[in-house]
Amino acid sequence: MRGDPAFRAAARAELPPAVVGPDGSTPEGLSRRRFGQLLGASLALGAGGGCARDVPEKIIPYVQQPTEVTPGIAAVYATSSMLDGYATGLLVESHEGRPTKIEGNPEHPASLGAAGVFEQALVLQVYDPLRARGPRRGGDAVDTRAVVERLAEPRRDGGAGLRLLLEPTSSPSIHALLARARRRHPELRVTFHAATASRAPAEGARAALGRALQPLHDLRGAQVVVALDADLLGAMPFHLRHARHFAARRRGGGIRLYAVEPLLGVTGTMADDRLRIPGHEVAGVAAALALALGGLPDGAARACAALAAAAEAPARRWAEAVARDLRRRPRGTTLVVAGERQPAAVHALAIAMNERLGNLGGAAGARRAPLAFVEPVIPEADDGAQDLGALASEMRAGRVDTLLAIAVNPSYDAPADVDWAAGLRRVPDSIYAGLYENETARGCRWFVPVPHQLEAWGDGRAYDGTVSLVQPLLRPLHDGRTELELLAALAGERHPDGRALVRERFAGAHAVGWEAALALGFVEETAADPVDVAVDGPGLERSLAGLRAAARLTAASLEVGFHLSPTVHDGRFANNPWLQELPTPIGKLTWDNAALLSPATARELGVDDGDPLQVDTASGSLEAPTLIVPGHADRAVSLWLGYGRGGGERLAAGVGVNAYRLRTRAAPWFMPGVARKRHGHRDLAVTQMHWVMATQGADIALRATRPELRANPHLADEHRGAQPSFFGGPPRAAGLGPPAPGSGPQWAMSIDTSVCIGCNACMVACQAENNVLVVGREGVLNSREMHWLRIDTYFSGSADAPTVVHQPMLCQHCEHAPCEYVCPVNATVHSPDGLNEMVYNRCVGTRFCSNNCPYKVRRFNWFDWKHRQPANRGLVVLQRNPDVTVRDRGVMEKCSYCVQRIRRAEIAARKQQREIAPGEVVTACAQACPTGAVVFGDLRQPDGAVARLRGDARSYEVLHDLGTRPRTTYLLRVDDPNPELA
């Protein structure tokens, strides 16, 4: 057939020659086969050239499936996150190379198995579609090799015109590369800048102890803790560890917490006694406390007397009562902690008080002392470093020809008295590297993306010095270079590789194996060793004398205070929709920041929630909406940092106001100012009064003092136990057991409000695990937020000095569920193991179940948020958990007790022909909780944690009178206030 002329003609018509001459002939020697060969060779050469920058790495196709990857089964990898220069150990769940969930590493000293809101939100940030996609020079796209070549170029001036701007970091590899870069460029100068970093703890140690040291606080043996403007449970370094140890002590009834602060924070809500005063008055209370404790050198005592005399009489009496409580305790069982917002003198005074109370540990056996000191984990600036103000001055003077800035943003957060923008314009060659083309990147000539922490190799040290490794979970989604690779290029390496740089440093410093360290996520026994210390009296006196000279506010002014945002931190998470929609622990504000005021100050200024307030200081002015919050200090206004963003973070654009532009180098945390009401109004997306239960005066969040509970141990009895029901059957006993013992696992949850700190870690964990979508500011304003779990915060007493109870509220999985018998299509049903289940494809959206739910924990999908809300589209779909259905419009959603985890454990147990082990199933909220307040388990196990807690005298059911028989129960909060301060 091939020889048939008709066939050849047909084939030629269907497949004409590759190249045809003008006369229709084919050039001699160039057949179709030959043309295909040449084309294939050209493509191969092009592909090979395009891959030249990568070191070849072995990959395995799925036809030869790697043993550690099973489709549908998640793999878990250990890594670390870096925040404020310190490492936190994490475990990252990955589905076929796609990170979907972050948990704490239970063996890492900084997390102890917990994960905060920022650590968990990293998994969404890696998929942010607004991240920078590629490098540029001016407005033209370039290859990353061009940036590397530019940095690796030799210089004739020894680096005299070269400046490097970085975040403070504990990374051993980065500091090793900086040393290499300085050897190559001896005149190179480095600036470490973090707008919210505080040198006060180290400088306080220098004043009190004669050398700059880092404090390590240990709550495991503390009976009394005094927090001087210190949010040690919610924001300070090591706060996850502090929260875990605080909860363990509180469960045992062995800790009393005092807090002194202007703005009610996470730590303040857990205080047994709290003093609300402006931040600048904390020094006077600290001085009064130290004076009452006694034992100060004569000069320091005189300085404290002068400071204490300036404090208000009630504050002095409060300090004296606390001092008497401290003196009654055994030596070495108390702790005084100064916060990072306070000046160095307050830190020095706290050290002196801890020495007086016997709390200081030394090199021998100091790891369990309430307070020990180590060499700074983040190395101090050396002779080759300068501060941001000095760098800006050199730039304005024209002495800088090349600036490399990595992951910092001074165009946004530089102090108001540093003219950064003018200096940047004078630099001929400026290079910026970061996740986003932010405010600083917009002013630089070169830009190169930096891979996310989940895409890059690196290392760091935890706050106690433990060496931790950062390993990538996936190849970089966008073209870029890591911080290590850019610094290696500056040191002269033209083909840097992040993994090789970390491994090279690791091999030279540790005897443990590389693979073993990667599997664990950190290197054991590498924590810094405590050093012996003693208080230096003259240094303490000089420090206090300098503080005494500080001017007080005038009668016409109020204190303007600045605080890290509990949801977007210093602004680096402002483009994360999970965190923007996360209600703040106090105020429950979303998608905004505000001028926070006490009720009394708001009345004095004539403002209400949402009214614009103009705040004027010597450094500038801004206008922000008012939000009145309980427990705030009078004559003070507080502003959260991290908002008012510009640049490439378009999701955060227009959200809130930038409070950084009021801060100065001399007054970074509080300063005098005035405020006045402006015209207009802004509706704030506040969730405090959303989903209010129809209580009709019923007690919901129970609270008692320890003496009250001792006097009446049956306080909670009326809120649990036997309850008649029209469903029939005998009433249950007080043990709250399952309705049908022996019928398989009976799942239940218990939440201890005595140790719930309201940090919101459980909310983000639930959102990540269950594919909960965001709805945006307008959706929250219309009370349409989709969170399956919320933290209800209840205040009692006066608005000025309230007591607080945090109560996580989720589906109660009632045995007699009001939602089930009103559903016309049987979409909400009860499972044999006690779960109230939602069958999504049956739901027709009548919302009868939501109307009949007394706990208001059901969320209706009014819109298809997958498409209606841009924050739910794009690369972020890669984060979604494949084990959980993504719901469509028109169905009801709610907590499922992480049923996917339950079923996974059941399958594993059935395959191995065994029972599910105690603690084998852990819900996402319970796993993330820093304090272990949420406990989940099987009621059939009498020795299990859930059964034990349900039998506790403090256990109660919310809205017990309704007879719903919830599977979620609570333990009432118990406080231990000082009787002298009643």
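Residues numbered from 1 in each chain as written. Predicted model: local features only at pLDDT ≥ 70, side-chain atom pairs only at ≥ 80, totals over all residues. Heavy atoms only, no water.

Caption draft 1: Inspection of the sheet that holds strand β1 (residues 75–83) at higher detail. Taking strand neighbours across the sheet as the criterion, the three strands line up as β1-β2-β3 in an open arrangement whose pairing is antiparallel. Because the sheet does not close on itself, it has two edges, and the strands there are β1 and β3 (98–104). Strand-to-strand, the axes of this sheet are offset by a mean angle of 40°, without reference to chain direction. Pairing geometry for strand β2 (residues 86–95) and β3, over six bridges, is antiparallel. (Pairing = 2+ DSSP bridges. Helix = DSSP H or I, 4+ residues; strand = E, 2+ residues; numbered from the N terminus. Axes fitted to C-alpha atoms, helices over the stretch in contact; angles between N-to-C directions.)

Caption draft 2: Broad picture of unusual backbone geometry. The backbone of Lys 856 sits at a positive phi, close to 55°, despite the residue not being glycine. Mapping Lys 856 onto the fold places it in the loop between α26 (848–852) and β33 (859–860). Of note in the backbone geometry, Cys 898 takes a positive phi value of approximately 50° without being a glycine. Inspection of the secondary structure assignment puts Cys 898 in the loop between β34 (892–893) and α28 (899–911).

Caption draft 3: How the structure looks around the pattern of salt bridges. Within the structure shown, the criterion is met by 61 salt bridges. Here Arg 155 ties to Asp 401 by a salt bridge, and the two come within 2.9 Å at their closest N and O atoms. A residue pair is termed long-range when its members are at least 10 positions apart, and Arg 155 in the loop between α4 (144–152) and β6 (162–166) and Asp 401 in the loop between α13 (388–396) and β14 (402–406) qualify at 246 residues. Judged by its relative accessible area of 28%, Asp 401 falls in the partly exposed class. Between Arg 645 and Glu 649 there is a salt bridge, with its nearest N and O atoms 2.9 Å apart. Overall, Arg 645 belongs to the buried group, its relative accessible area being 7%. By relative accessible area, Glu 649 is classed as buried at 4%. (Salt bridge = Lys/Arg side-chain N within 4 Å of Asp/Glu carboxyl O. Buried < 20%, exposed > 50% of the residue type's maximum accessible area, 1.4 Å probe, protein only.)

Caption draft 4: Representation of the packing of helix α6 (residues 200–209) against helix α12 (residues 344–356) in the model. Where α6 meets α12, the closest approach of the two axes is 7 Å, and the angle between their N-to-C directions is 55°. The angle between α6 and α12 falls in the class oblique. As for how α6 packs across α12, the hand of that crossing is right-handed. For the pair α6 and α12, the contacting residues are Ala 200, Pro 201, Glu 203, Gly 204, Ala 205, Ala 207, Ala 208 and Leu 209 in the first and Ala 344, His 347, Ala 348 and Ile 351 in the second. Here the residues of the contact of α6 with α12 sort into nine nonpolar, two polar and one charged. (Parallel < 35°, antiparallel > 145°, perpendicular 65-115°, else oblique. Left-handed = near helix turned anticlockwise from the far one by under 90°. Contact = heavy atoms within 4.5 Å. Nonpolar A, V, L, I, M, F, W, Y, C, P; charged D, E, K, R; others polar.)

Caption draft 5: Looking closely at helix α18 (residues 498–509). Under the 1.5 Å per step criterion, the end-to-end length of α18 is 17 Å for 12 residues, consistent within 8% with the ideal 16 Å. Within α18 the residues assigned to the buried category are Gly 498, Leu 501, Val 502 and Phe 506. Relative to the axis of α18, the buried residues are bounded by an arc of 125° and lie together on one face. Across from the buried face of α18, at angles greater than 90 degrees, the exposed residues are Glu 504, Ala 507 and Gly 508. Those residues of α18 that are buried lie in contact with α5 (172–184), β17 (458–461), β18 (467–470), α17 (483–490) and α19 (514–520). (Expected span 1.5 Å × (residues − 1). Arc of directions from axis to C-beta.)

Caption draft 6: Focus on the sheet that holds strand β19 (residues 558–563). Pairing is mixed in the closed barrel, where six strands are placed in the order β19-β24-β21-β23-β22-β25. Here the average twist between neighbouring strands, direction ignored, is 45°. Where strand β21 (residues 595–597) lies against strand β24 (residues 636–640), two bridges are found, and the strand directions are antiparallel. Of the residues in β24, the one forming a bridge with Leu 596 is Ser 638.

Caption draft 7: Main features of the packing of aromatic side chains. The full count for this structure, using the stated rule, is 13 aromatic pairs. Between Phe 863 and Trp 865, the ring centres sit 5.4 Å apart and the planes meet at 75°, which makes this aromatic pair edge-to-face. Connected via pairs of aromatic rings, a cluster forms that spans Tyr 86, Phe 238 and Tyr 463. Here Arg 784 stacks its cationic end above the ring of Trp 862, 5.4 Å away from the centre of that ring. Positioned above the aromatic ring of Trp 691, the side-chain terminus of Arg 859 is 3.8 Å from the ring centre. (Phe/Tyr/Trp six-rings, centres within 6.5 Å; stacked < 30°, edge-to-face > 60°. Lys NZ or Arg CZ within 6 Å of the ring centre and 35° of its normal.)

Caption draft 8: A look at the side chain of Gln 120. The residue Gln 120 is located in helix α3 (residues 117–125) in this model. A polar contact of 3.1 Å, which involves the side chain of Gln 120, links it to the backbone oxygen of Ala 115. The residues touching Gln 120, leaving out its near neighbours within four places in the chain, are Lys 101, Ile 102, Ala 115, Trp 578, Ala 761, Val 764, Ala 765 and Ala 928. (Polar contact = N/O pair within 3.5 Å; in protein donor to acceptor, adjacent residues only side chain to side chain.)

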